[in-house]
Amino acid sequence: MALQDIIRTLIVETPSKPGNFAKVATAIGAAGGGIGDITTIKNGTLSTIRDISVNCESFEQLEQVIENVRALENVKIHAITDDVLKAHEGGKIQMKSRIDVRSLGDLQRIYTPGVASVCLDIQANPQKARYFTSIGNTVAIVTDGTAILGLGNIGPVAGMPVMEGKSVLFDQFAGISGVPILLDTSDPDAVVETVKHIHQGFGGILLEDIGSPHCFEIEERLKKELNIPVMHDDQHGTAVVTLASVLSACRSTGVDPKKAVIGQIGLGAAGLAICRMLMAYGVEEVYGIDRQVEALERLKGYGGQTLESLEKLMATCDIVVATTGVAGLIKPEMVRPGQIILALSNPNPEITPEDALAAGAAFAADGRSVNNALGFPGIFRGALNAGVSDISYPMLVAAARAIANHTKPGDLIPNPLDPTVHQVVARAVEQAAQE
Ligand SMILES: NC(=O)c1ccc[n+]([C@@H]2O[C@H](COP(=O)([O-])OP(=O)(O)OC[C@H]3O[C@@H](n4cnc5c(N)ncnc54)[C@H](O)[C@@H]3O)[C@@H](O)[C@H]2O)c1
Ligand SMILES: O=C(O)C[C@H](O)C(=O)O
Ligand SMILES: [Mg+2]
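Residues numbered from 1 in each chain as written. Chains lettered and ligands numbered in written order. Predicted model: local features only at pLDDT ≥ 70, side-chain atom pairs only at ≥ 80, totals over all residues. Heavy atoms only, no water.

Taking an unreviewed UniProt entry as the reference, the protein chain is identified by name as NAD-dependent malic enzyme belonging to Paenisporosarcina quisquiliarum.

Visitor: Lay out the layout of surface pockets with the relevant residues and their values.
Guide: The space that makes up the second largest pocket amounts to roughly 1,100 Å³. Together, 30 residues line the second largest pocket, and Met 95, Lys 96, Arg 98, Ser 134 and Ser 177 are the ones closest to its centre. Mapped onto the lining of the second largest pocket, the elements with two or more residues apiece are helix 6 (129-132), helix 7 (156-174), strand 6 (177-182) and helix 15 (376-386). Residue composition of the lining of the second largest pocket, by class: twelve nonpolar, twelve polar and six charged. (1 Å grid on protein atoms, 1.4 Å probe; cavity = no way out; pocket = protein on both sides within 12 Å on 5 of 7 lines; lining within 4 Å. Points joined across faces, edges and corners; volume = space filled by probe spheres on them. Helix = DSSP H or I, 4+ residues; strand = E, 2+ residues; numbered from the N terminus. Nonpolar A, V, L, I, M, F, W, Y, C, P; charged D, E, K, R; others polar.)

Visitor: Can you tell me about the nonpolar core, naming the residues and giving the values?
Guide: Ranked by size, the top nonpolar core spans 86 residues in total, and within it Ile 205 and Ile 379 carry the most contacts. When residues of this core are assigned to domains, at least three fall in each of domain 2 (134-228) and domain 3 (235-435). Leu 307, Met 314, Ala 322 and Ile 341 belong to the second largest nonpolar core, which has 20 residues in total. (Core = buried A, V, L, I, M, F, W, Y, C linked by side-chain atoms within 4.5 Å. Buried < 20%, exposed > 50% of the residue type's maximum accessible area, 1.4 Å probe, protein only. Domains from an automatic or database assignment.)

Visitor: Could you give an account of the coordination of the magnesium ion (ligand 3), with specific residues and numbers?
Guide: The expected angle between donors at a tetrahedral four-coordinate metal is 109.5 degrees. At an octahedral six-coordinate metal it is 90 or 180 degrees. The coordination sphere of the magnesium ion (ligand 3), as far as protein atoms go, consists of Glu 208 (OE), Asp 209 (OD) and Asp 234 (OD), spread over 2.0 to 2.1 Å. Mapped onto the polypeptide sequence, the residues donating to the magnesium ion (ligand 3) form the spacing pattern E-D-x24-D. (Donors = N, O, S within 2.8 Å, 3.2 Å for Na, K, Ca; no water.)

Visitor: Which residues make up the packing of aromatic side chains, and what values go with them?
Guide: Applying the stated criterion to the full structure yields two aromatic pairs. Taken together, a centroid distance of 4.9 Å and an interplanar angle of 90° make the contact between Phe 170 and Phe 376 edge-to-face. With Phe 170 in helix 7 and Phe 376 in helix 15, this pair connects stretches of sequence that are 206 residues apart. In this structure Phe 170 comes out as buried when scored by relative accessible area, which is 0%. Their ring planes at 90° and their centres at 5.8 Å tell us that Phe 170 and Phe 380 sit as a pair that is edge-to-face. Remark: Phe 380 occurs in helix 15 and Phe 170 occurs in helix 7; sequence separation between them is 210 residues. (Phe/Tyr/Trp six-rings, centres within 6.5 Å; stacked < 30°, edge-to-face > 60°.)

Visitor: Requested: an account of the site of ligand 2, with residues and values cited.
Guide: Ligand 2 sits among Leu 149, Lys 166, Glu 208, Asp 209, Asp 234, Asn 346, Asn 371 and Asn 372. Note that an oxygen atom of ligand 2 is positioned 3.1 Å from one of the side-chain N or O atoms of Lys 166. Contacts to ligand 2 include Asn 372, whose side-chain N or O atom sits 3.0 Å from an oxygen atom. For ligand 2, the accessible surface in isolation is 270 Å², of which the surrounding protein chains cover 82%. Residue contributions to the shell around ligand 2 reach at least three from each of two domains, namely domain 2 (134-228) and domain 3 (235-435). (Near = heavy atom within 4 Å. Polar contact = N/O pair within 3.5 Å; in protein donor to acceptor, adjacent residues only side chain to side chain. Areas by Shrake-Rupley, 256 points an atom, 1.4 Å probe, with all protein chains shown as cover.)

Visitor: An account of the sheet that holds strand 10 (residues 285-289) is requested, with residue identities and associated values reported.
Guide: Taking strand neighbours across the sheet as the criterion, the six strands line up as 11-10-9-12-13-14 in an open arrangement whose pairing is parallel. Each of the sheet's edge strands pairs with one partner strand only, and the pair in question is strand 11 (305-306) and strand 14 (363-366). When strand 13 (residues 340-343) meets strand 14, the two strands line up parallel, connected through four bridges. Within strand 14, the position partnered with Leu 342 by the bridge is Ala 365. Together, strand 9 (261-265), strand 10 and strand 12 (319-322) form the strand contacts of helix 11 (residues 269-281), whose direction differs from that of strand 9 by roughly 165°. (Pairing = 2+ DSSP bridges. Contact = heavy atoms within 4.5 Å. Axes fitted to C-alpha atoms, helices over the stretch in contact; angles between N-to-C directions.)

Visitor: Explain the domain arrangement of the protein chain to me, and be specific about the residues and the numbers.
Guide: According to the domain assignment, the protein chain consists of domain 1 (6-88), domain 2 (134-228) and domain 3 (235-435). Each of domain 1 and domain 3 was reduced to a C-alpha centroid, and the two centroids are 36 Å apart.

Visitor: So what's going on with a nonpolar patch on the surface? Residues and values would help.
Guide: Judged by side-chain polarity, Ile 99, Val 101, Leu 104, Leu 107, Ile 110 and Tyr 111 come together as a nonpolar surface patch covering roughly 590 Å² of accessible area. Position of Leu 107 among the secondary structure elements: in helix 4 (residues 104-110). Judged by its relative accessible area of 37%, Leu 107 is partly exposed. (Patch = residues over 30% accessible without salt bridge, like charges linked within 9 Å, V, L, I, M, F, W, Y side chains within 5 Å. Salt bridge = Lys/Arg side-chain N within 4 Å of Asp/Glu carboxyl O.)

What follows is the structure, given as C-alpha cells:
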C-alpha cells in the first residue's frame, strides 16, 4: 500500500552535467520514495542546486532515500527540511486591513468621527451592511473538532490547521474571508445557540468536520433558524464533488448514471449526504453499508437500500464510494474489473488509486483529488452573489454539473488550481439560486 504521508524537501547539489539529476531521481525511486515539486535554486557552470520534494510512507523509507542519494558520487544533500511544518509557522491566515491609513484625513474617514454616519445609515437601513461592511463577504468556518478529516475526535484546536486551510482556499479560490470558529461543545442545543448568537457578523456559515450523528441535527436546525446560507461541507460539499466525479466516470464509460448501481461504504456525514445527493439526482440503485445500525436506519429513512457486508457491496456495485476514515479497508482482491472506486477518506484512502487500478478498476481516485475543495468556495461565492438565505439542492446539483462539465475527457475531476472551475461553480450556483 503506497500511503505517502511524510513529505520532506531535500536540498541537493549535483554536477551540472546531463544525467546527474536522473541519478538522484533513480536513487529516490529505488527506495520507494515519490518525487513532488522540484525547484532549481542555483544553475551554475559547475554545479546545480535543487529543492526536491520527496514523499515517503515511513521514516525508515525516508532514511533509505537519504542514504541512496548520499551514496551517489559528487552529489551532496545540503539540508532536509520539513516544509509542511514550515508552512504552518505563525499560522496560515491573518486579518489584514484593505485601507491604508496615511493621514489624519484617512483616520477620520475610516474611523471616528466619519464612521459614525455609516453606523447610523446601517441602523436605519440594515441591508446596507451588505455594501458598507465585510459581513456579506465573510463566512464562519465552524467546527467542534469531533471528525477532523479521518483523524477522529481530536478537538477543535488540533483541527485548527484544517480550518485555516479551508480559509486559505476560500480566499484564493473565491475571494471570501473565512473565519475559523472553534467550539468547545458538541451539544446541538449549545452549538445552535452559539452560532445563532454570532451569526450577524457573517454572510454564511460553513460547518466543518463536525461528526455524525450530531452534525445532522445541527445543520438542519441552523438552516431553518438562520437567514444566511449554512452548509456542512463534509456532507454537501463532498456530495457535490462525488456526484461530479460519478457523472464524469459515467460519461467516459458510456453508462447512464441513473442506471448505475452505486455502493457507499460509511454512512456518516459524508456518506449519507452522498447517497442523498445521488438519489436526488435520480440514481435508482444506491446501496449503503455502515458498522452502525443507526446509520443504516438513517439511509433507509431517506429511501436508500442497505447491504449486509462490505464483500457483498463490492460484488454488487459498479461504482463504489468510501468515506469511513479507515485506511486500507478495501482489499485489492475485492475490486472487480471495470469497477469505479472513489476511496475518499483523508488523510489516507480505503484503497489507493494505484492499488485499485492494478486490481482492475476502470477509474480510481482518492480524497486528495475528489475533494470538497472543488465545491465549497464556488458554492458560497454563488450563494453570496445571489444574496440568498439558503443553499438548496438544485444549487448543489448545479454545482456538481458545472464541475463535471469542466472536467477534461478521461479525467474524473478538474484540477482545483484551475481558477476557472471555481468561477463556473459560482456562476452555476448563482444562476440556480435565481431560478
Ligand atoms: N474527500 C473529501 O472531500 C472528503 C470530505 C468529507 C469527508 N471525507 C473523509 O471521509 C471520512 C469520514 O468523514 P465523515 O465526516 O463522514 O465522518 P463520520 O464519522 O461522520 O462518518 C464515518 C462513518 O464511517 C463508518 N465506518 C467506520 N468504519 C467503518 C467500517 N469499517 N465499515 C463500515 N462503516 C464504517 C462510521 O460508523 C461512520 O458512520 C474521513 O476520513 C474524511 O476525511 C473526505
Ligand atoms: O479537508 C479535506 O481535505 C476534505 C474533507 O473536508 C475532509 O474532512 O476530509
Ligand atoms: Mg472535512
